[in-house]
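Chain residues, written in single-letter form:
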Amino acid sequence: MKISRKLLTGAAALSAGLLLLTACSGGGSNEAGGESGADMGDAPAWCGPDEASVTFLDGYIVNGWRKIAAETGKIEAEMCPSVTSFEIIDGQGDTQKAISDINGAVATGSSAIVVHTASGEAILPALRSAHDAGVVTVPYRDGVGGEDEKDYDVWIGSDYVEDGRTFGNWIKEQFPDGAKVLFLSGPAGTTQGLDEKAGLDEVLSDEKYEFIGEQPFEITDWDPSKTQQVLTAAIAKYPEIDVIVSDYGPSLVGALPEFEKAGRSIPALAASDGNVLGCFWTDNQESNPDFKMMTIKTGTDNIALAVQHAIARATGGEVPAETAYAGGVFEDSTSDDKPVQCEPDLPDDIYLSSAALSGEEQAELIGN
């Protein structure tokens, strides 16, 4: 079995991701003025006439995904000439810093803040204080607890239940007679994994579909080294695994060769996309007859909807009707319409499903 030459796994991937912190935050922030936006005549409906400054507070810009998402938010903000600045601040994985960053954005006069937490509900009191102070407050993607219009203006989620349905429908199509399904997600209790499992259960309700492993999902913390441990144990325990579901597909790449070591073909895979995963499939599918693969868009564009909501509320624009991001299918090796994509000369840690940035632009951004 051949493995992508550009494979990054385990500690190496984390170390590479940590190098992104300084580049992104520039000592704590990255500011872009509104002068790069379009003329008002070309502005989208969510861009109103009132000037506003926007701050994006990311709990931990530790990898390429988060850096690409932050840049996507900046690009979206630049579409509105009423935005006088868009500042990016990295919480560096420190809950107290993240709270201080929220309070600081309010104190320095930000009109709106968009928040991607790494601390869960711990930041809710700070968000509530910002909201009470009249700052437009939009947490997105990861849950923070609380309620819309009470603790913050609106939470912009990702429709993980629909992602689970998408996984389930593909599995049902590929395995009409039933299948043994191993589902891997992140930390224990993560709403992403729980919601995806709800969607999977809804579609794969027939008893011929059996979920094996820990329930509701195998806990990997989305860490490549822990994923390898979990999958190695599953291969030893279960002589039959028909399909693996993973909501962080790139983390699987270092673990999938364990099937070869056990003398087995890599099974079908339903996951989120990543260049490293697409290249791994390209390199290994011929020698693994069971290795079908479908991916959903990994969601670096989720931030665009959150930025639209924040700017609309801060500038008097038209508030978008949608409050949840739905990625949909990106690749499907069983369909000519959505072939698996691989850019072997570009970094592993890019996401070709991005609508805002090309692969080359992502590579330049993350510095690989």
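Residues numbered from 1 in each chain as written. Predicted model: local features only at pLDDT ≥ 70, side-chain atom pairs only at ≥ 80, totals over all residues. Heavy atoms only, no water.

J.: Mind showing me how you'd approach the state of the cysteines here?
T.: Enumeration over the complete set of coordinates arrives at two disulfides. At a sulfur-sulfur separation of 2.0 Å, the disulfide partner of Cys47 is Cys80. A torsion of 70 degrees about the S-S bond marks the disulfide between Cys47 and Cys80 as right-handed. Of the two residues, Cys47 sits in the loop between strand E1 (29–33) and strand E2 (52–58) while Cys80 sits in the loop between helix H3 (64–77) and strand E3 (83–90), which places them 33 residues apart along the sequence. Between the sulfur atoms of Cys279 and its disulfide partner Cys342 the distance amounts to 2.0 Å. On the sign convention where negative is left-handed, the bridge of Cys279 and Cys342, at about 95 degrees about the S-S bond, is right-handed. Of this pair, Cys279 sits in helix H10 (residues 275–284) while Cys342 sits in the loop between strand E14 (329–332) and helix H12 (359–366), and the two are 63 residues apart along the sequence. (Disulfide = S-S within 2.5 Å. Helix = DSSP H or I, 4+ residues; strand = E, 2+ residues; numbered from the N terminus.)

J.: I keep staring at the pairing of strand E12 (residues 293–296) and nothing clicks. Help me out?
T.: Both faces of the sheet carry side chains from a regular strand, because those side chains alternate between them. Burial along E12 is two-sided: Met293 and Thr295 and Met294 and Ile296, pointing in opposite directions, are all buried. A crossover connection joins strand E11 (residues 268–272) to the parallel E12 through H10; in handedness this β-α-β unit is right-handed. Alignment of E12 against E14, held across three bridges, turns out to be antiparallel. Residue pairing for E14: Met294 is matched across the bridge by Asp332. (Buried < 20%, exposed > 50% of the residue type's maximum accessible area, 1.4 Å probe, protein only. Right-handed = clockwise from strand over helix to strand, strands pointing away. Pairing = 2+ DSSP bridges.)

J.: Honestly, the packing of helix H6 (residues 160–174) against helix H7 (residues 191–203) in this entry has me stumped. Any pointers?
T.: Two numbers describe a pair of packed helices, the interaxial angle and the distance between the axes. Interhelical geometry of H6 versus H7 gives an angle of 40 degrees and a closest axis separation of 7 Å. Judged by the angle between their axes, H6 and H7 are oblique. For the pair H6 and H7, the crossing hand works out as right-handed. Of the residues in H7, those touching H6 at Tyr160, Val161, Asp163, Gly164, Arg165, Phe167, Gly168, Asn169, Ile171 and Lys172 are Gln192, Asp195, Glu196, Gly199, Leu200, Glu202 and Val203. A breakdown of the residues in the contact of H6 with H7 according to their chemical character gives six nonpolar, five polar and six charged. (Axes fitted to C-alpha atoms, helices over the stretch in contact; angles between N-to-C directions. Parallel < 35°, antiparallel > 145°, perpendicular 65-115°, else oblique. Left-handed = near helix turned anticlockwise from the far one by under 90°. Contact = heavy atoms within 4.5 Å. Nonpolar A, V, L, I, M, F, W, Y, C, P; charged D, E, K, R; others polar.)

J.: Sorry if this is basic, but what is going on with empty space enclosed by the protein here?
T.: In this approach a probe as big as a water molecule rolls over the atoms, and the regions it shows empty are the leftover space. Tallied over the full model, the rule gives two cavities of 30 Å³ or more. Space inside the largest cavity adds up to approximately 60 Å³. Leu57, Asp58, Gly59, Gly91, Ala98, Asp101, Ile102, Val115, His116, Thr117 and Ile123 together form the lining of the largest cavity. Listing elements by their share of the lining of the largest cavity, those giving two or more residues are E2, helix H4 (95–107) and strand E4 (112–116). The element best represented in the lining of the largest cavity is H4, accounting for three residues. Considered class by class, the residues forming the lining of the largest cavity number five nonpolar, four polar and two charged. (1 Å grid on protein atoms, 1.4 Å probe; cavity = no way out; pocket = protein on both sides within 12 Å on 5 of 7 lines; lining within 4 Å. Points joined across faces, edges and corners; volume = space filled by probe spheres on them.)

J.: What is the right way to read the pattern of salt bridges from this model?
T.: Oppositely charged side chains may form a pair once their charged atoms are brought near each other. Enumeration over the complete set of coordinates arrives at ten salt bridges. For Lys197, the salt bridge identified is with Asp201, shortest N-O distance 2.9 Å. Residue Lys197 and its partner Asp201 are located together in helix H7, separated by four residues, close to a single helical turn. Classification of Lys197 as buried rests on a relative accessible area of 9%. For Asp201, a relative accessible area of 33% corresponds to the partly exposed category. Its salt-bridge partner being Glu258, residue Lys261 comes within 3.0 Å of it at the nearest N-O pair. Highlighted residues: Lys261 and Glu258, both in helix H9 (residues 258–261), separated by three residues, approximately one helical turn. Connected via shared salt-bridge partners are Asp58, Arg66 and Asp142. (Salt bridge = Lys/Arg side-chain N within 4 Å of Asp/Glu carboxyl O.)

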